Amino acid sequence: MYKGGYAGKILRIDLSKQTFKEETLPEELVKNYLGGAGFAIKTLYDEVKPDTPPLDKANKLMFAVGPLTATGASCSSRMAVVAKSPLTGAVGMALAGGQFPAEMKMAGYDMIIIEGKAEKSTYVAIKDGKVRFRNADKVSGMLTTDTQLVIKDELGDHNYRIACIGPAGENLSPMACIINERRAAGRKGLGAVMGSKNLKAIAVRGTQHPNVVDAEKFKKARQVMNKAMKESPVLYPQFSKSGTPMVVDATSAMGIYPINNWSATGEIDMVKGLGDAAQSKMIIHKAHCHDCPVGCSQIKLVTSGPYAGYMSEGPEYETTYSLGSTLGIDYLPAVIAADRLCDEYGLDTMSAGVVIGFAMELYEKGILTKKDTDGLELKFGNHSILLEMLRKITYREGLGDILSQGTKKAAEIIGKGSEFYAMHIKGLELPAYDVRGAKAHGLNYATAYTGADHNRGYAFQEIFDIPVPEKVDRFAIKGKGRLTRWNQDVRSVTCDCAPMCAFLLDMAVPDIACQNTADLVNAASGTSFTAAEIQRIGERLNNIARLFNIGAGFTRKDDTFPKRLMTEPIKAGASRGQLISQKDLDEMLDEYYTERGWDKDGKPTAAKLKELGL
Ligand code: SF4
């Protein structure tokens, strides 16, 4: 069925035995799951029992790219990293861009499956199909930038691209991420899974460009996408210059930018400190992922004050919230420094920030005292304690040890009613949209297979007022089940499997995404997908992920929100008075489950599974 596009091989690495083997990429996998997250989640479903403890050596860690990666299709250097998550206990899937995904494909593989556990700290070097296991003692405990530099030196080739963990992953924090260059496969604690396997890094180097079967058709499909990108009123005119920080201005105006652990959304304006204009002043350089003409990524440098000398690729929108607004901090230099430190520690900026915001609110309420914080004044707005808190979390010292386990677990340990202030769903900390004022966004948080994850079904209709597939009222409840299903299925396949950067879907190509993905993939691979079949793959992915989670013990009651969002309305601003009551949630869930062909408990029906060939 496929003749090009794919590398055609899966690399299976056994760290316990220090062996590897190559497997031919099965036609069935291509036909039903397309690539990226599809390949990796199907592998998780088939090969990891859902009750496996996430940090047990029986858990597996997959890195998977898609048929468009390294073909020259715009913004397609993306990979899905998948394992059972130690933060949520559900499917853990994180996406990352940068150069590593394209290099992995050129090194000869569509997916790398990591099994077992190395006896000692190890890294794996892969060059054009040649695999070596290397002792990682020299880089153990090292920060991520230095780790990458030392490994490149040791391999004698600075063209290697490296995905590695920092001390947070080695110390098994369920908030640890995997860093390649300055890009993170963040959230869901996949860095801890890597750490549990004593795998410090994977280095890839390749020279094999995938074969594009029909170059003329591929060029035409690329032109269609490039035209849509150029015609977008946002993508090049604004997003290419400002990147995601421009969303701070938008969500602040909508009254949904969360402040002070979601207790003061709409009450305090942080645009002056964290918004587009403030961020633009600090840009010294721009960065692009492989094959990306947009280049949304900006390098920012602090040149004066207490954080002078800190530089980060970011902070992007989510991090302005997690290390800024939800901590009551609008001093951008502090956010830049904290962002950089998280990358160096290999600590997810979003989870780490949100758990600190949680601790700050507990401190303000007297549930935590100076005795618990080793004397630190954990007050909203006090940026002077931020870097020290990140260090304590990474090295699991004192309160940092409790917080390093994530907000859900920390609330269970601390008790005293702290769960009310714990902003997570299924254990994953909430992203930067106060969903009381954006209901489809909220329903996606509640139902996404990874927990509160904006990336699984981002409701761009509510944030950017784009009327595809239909115009929506962000406060309305009715219709959000249908919309969320569409958002999750289309995004899952086009962004997570093909793959294409999600910003293209949100800002440029939502109306043509499935057709254009079909055209690009067919031209590259010689396949014959229709747009409807492409969308069906997204649906299949969401169903198989749901089945894994049901096996892991998740039910309808986990498709919910923190109590605060269901009982406390937003107090001020453009979303004043909004909340999501239990009745609202039930109505949205009933509609969503019906749209999905699931029963009242959120289980896929036998008829639906048969229809999807599951
Ligand atoms: S738009 Fe930004 S995140 Fe997306 S591929 Fe380009 S540089 Fe990477």
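Attention in this report is confined to the structure presented alongside it. (Residues numbered from 1 in each chain as written. Predicted model: local features only at pLDDT ≥ 70, side-chain atom pairs only at ≥ 80, totals over all residues. Heavy atoms only, no water.)

## Focus on the overall build of the protein
Then, in step 1: Of the regular secondary structure elements, the protein holds 26 helices and 17 strands.
Then, in step 2: Based on the C-alpha atoms only, the size of the protein along its principal axes is roughly 60 × 55 × 45 Å.
Then, in step 3: The contacts in the protein between residues at least 6 apart in sequence include a share of 69% that link residues at least 24 apart.
Then, in step 4: Surface accessibility of the protein: about 20,400 Å² in total, with carbon and sulfur atoms responsible for 51%.
Then, in step 5: Taken together, the 77 basic and 73 acidic charged side chains of the protein have centroids lying 1 Å from each other. (Helix = DSSP H or I, 4+ residues; strand = E, 2+ residues; numbered from the N terminus. Contact = heavy atoms within 4.5 Å. Areas by Shrake-Rupley, 256 points an atom, 1.4 Å probe, with all protein chains shown as cover. Lys, Arg positive; Asp, Glu negative; His and termini not counted. Charge placed at Lys NZ, Arg CZ, Asp CG, Glu CD.)

## Focus: the sheet that holds strand 14 (residues 297-301)
Pairing between the strands of a sheet is mediated by backbone hydrogen bonds and can be parallel or antiparallel.
Then, in step 1: The strand order across the open sheet built from 3 strands is 13-14-15, with neighbouring strands paired in antiparallel fashion. On the outer flanks of this sheet lie strand 13 (283-287) and strand 15 (311-313), each paired with one strand and no other. Neighbour-to-neighbour, the strand axes of the sheet open up by a mean angle of 20 degrees, direction not taken into account.
Then, in step 2: The strands touched by helix 13 (residues 332-345) are strand 14 and strand 15; relative to strand 15, the strand with the most contacts, the crossing angle is about 70 degrees. (Pairing = 2+ DSSP bridges. Axes fitted to C-alpha atoms, helices over the stretch in contact; angles between N-to-C directions.)

## Focus: the sheet that holds strand 10 (residues 178-180)
Then, in step 1: With mixed pairing, 6 strands are arranged side by side in an open sheet as 8-7-12-9-10-11. Of all strands in the sheet, those bounded by a partner on one side alone are strand 8 (130-135) and strand 11 (183-185). Averaged over all neighbouring strand pairs, the angle between strand axes comes to 20 degrees, with direction disregarded.
Then, in step 2: The pairing of strand 9 (residues 161-164) with strand 10 spans 2 bridges and is classified as antiparallel. Bridge pairing in strand 10 places C164 opposite I179.
Then, in step 3: Along the sheet, helix 4 (residues 144-155) makes contact with strand 7 (122-127), strand 8, strand 9, strand 10 and strand 12 (199-205), crossing strand 9 at roughly 135 degrees.

## Focus on the side chain of R556
Then, in step 1: Relative to the elements of secondary structure, R556 occurs in the loop between helix 23 (531-551) and helix 24 (563-567).
Then, in step 2: When its relative accessible area of 19% is taken as the criterion, R556 is described as buried.
Then, in step 3: Polar contacts involving the side chain of R556 include one to the main-chain carbonyl oxygen of K600, which spans 2.8 Å.
Then, in step 4: Those residues in contact with R556 that sit more than four places away from it in its chain are D586, L589, D590, Y593, K600 and D601. (Buried < 20%, exposed > 50% of the residue type's maximum accessible area, 1.4 Å probe, protein only. Polar contact = N/O pair within 3.5 Å; in protein donor to acceptor, adjacent residues only side chain to side chain.)

## Looking at the nonpolar core
Then, in step 1: If you look at the biggest cluster of nonpolar residues, it comprises 155 residues, and the most contacted ones within it are L34, I41 and F358.
Then, in step 2: In contact with I41, not counting residues within four places along its chain, are V82, V91, M93, Y449, L541, I544 and A545.
Then, in step 3: The next biggest cluster of nonpolar side chains, apart from the first, holds 31 residues, and it includes I13, F63, Y109 and I202. (Core = buried A, V, L, I, M, F, W, Y, C linked by side-chain atoms within 4.5 Å.)

## Regarding the side chain of R78
Then, in step 1: Note on placement: R78 falls in the loop between strand 3 (61-64) and strand 4 (79-84).
Then, in step 2: The buried charged residue R78 lacks any salt bridge, with D496 as its nearest oppositely charged partner at 7.4 Å.
Then, in step 3: Those residues in contact with R78, other than ones at most four positions away along the chain, are A64, V65, T69, L95, A96, G97, P101, C289, P499, M500 and C501. (Salt bridge = Lys/Arg side-chain N within 4 Å of Asp/Glu carboxyl O.)

## Notes on the packing of helix 18 (residues 439-447) against helix 20 (residues 480-494)
Then, in step 1: Put simply, helix 18 and helix 20 touch, their axes get as near as 9 Å, and they point 65 degrees apart. In this structure, helix 18 crosses over helix 20, and the sense of that crossing is right-handed. Where helix 18 abuts helix 20, its residues K439, A440, L443, N444 and T447 lie against K480, G481, L483, T484 and Q488. (Left-handed = near helix turned anticlockwise from the far one by under 90°.)

## Observations concerning the pattern of salt bridges
Then, in step 1: Tallying each qualifying case throughout the model produces 49 salt bridges.
Then, in step 2: For E539, the salt bridge goes to K608, with nearest N and O atoms at 2.7 Å. Here the residue E539 occupies a position in helix 23, and K608 occupies one in helix 26 (residues 606-611), the gap between them amounting to 69 residues.
Then, in step 3: A relative accessible area of 2% places E539 in the buried class.
Then, in step 4: Residue classification places K608 among the buried residues on the basis of a relative accessible area of 9%.
Then, in step 5: One salt bridge connects E611 with K608, and the closest N-O pair in it is separated by 3.1 Å. Separated by 3 residues within a single helix, E611 and K608 lie in helix 26, roughly one turn from each other.
Then, in step 6: With a relative accessible area of 42%, E611 lands in the partly exposed category.

## What about the pairing of strand 2 (residues 19-24)?
Then, in step 1: Note: strand 1 (residues 9-14) against strand 2, 6 bridges, orientation antiparallel. Each bridged residue has a counterpart across the sheet, and for K9 the counterpart in strand 2 is T24.

## Digging into the site of the ligand
Then, in step 1: Neighbouring residues of the ligand: C75, R78, R183, C289, C292, V294, G295, C296, C501 and F503.
Then, in step 2: A class-by-class count of the residues in the shell around the ligand yields 7 nonpolar, 1 polar and 2 charged. (Near = heavy atom within 4 Å. Nonpolar A, V, L, I, M, F, W, Y, C, P; charged D, E, K, R; others polar.)

## Remarks on the environment of M588
Then, in step 1: Here M588 is to be found in helix 25 (residues 582-596).
Then, in step 2: On a C-alpha basis, the gap between M588 and T484 in space is 9.6 Å, while along the polypeptide they are 104 residues apart.
Then, in step 3: Aside from chain neighbours lying at most four places away, what touches M588 is K439, L443, I477, K480, G481 and I580.

## Some points on helix 20
Then, in step 1: Helix length check: helix 20 (15 residues) gives 21 Å between terminal C-alpha atoms against 21 Å at 1.5 Å per residue, within 8%.
Then, in step 2: Burial of helix 20 is extensive: 13 of the 15 residues sit out of reach of the surface. (Expected span 1.5 Å × (residues − 1).)

## Looking at the packing of helix 7 (residues 215-231) against helix 22 (residues 513-525)
Then, in step 1: Put simply, helix 7 and helix 22 touch, their axes get as near as 8 Å, and they point 155 degrees apart. As the angle between them shows, helix 7 and helix 22 are arranged roughly antiparallel. Remark: the crossing between helix 7 and helix 22 carries left-handed chirality. Contacts from K217, F218, A221, R222, V224 and M225 of helix 7 reach helix 22 at N516, D519, L520, A523 and A524. (Parallel < 35°, antiparallel > 145°, perpendicular 65-115°, else oblique.)

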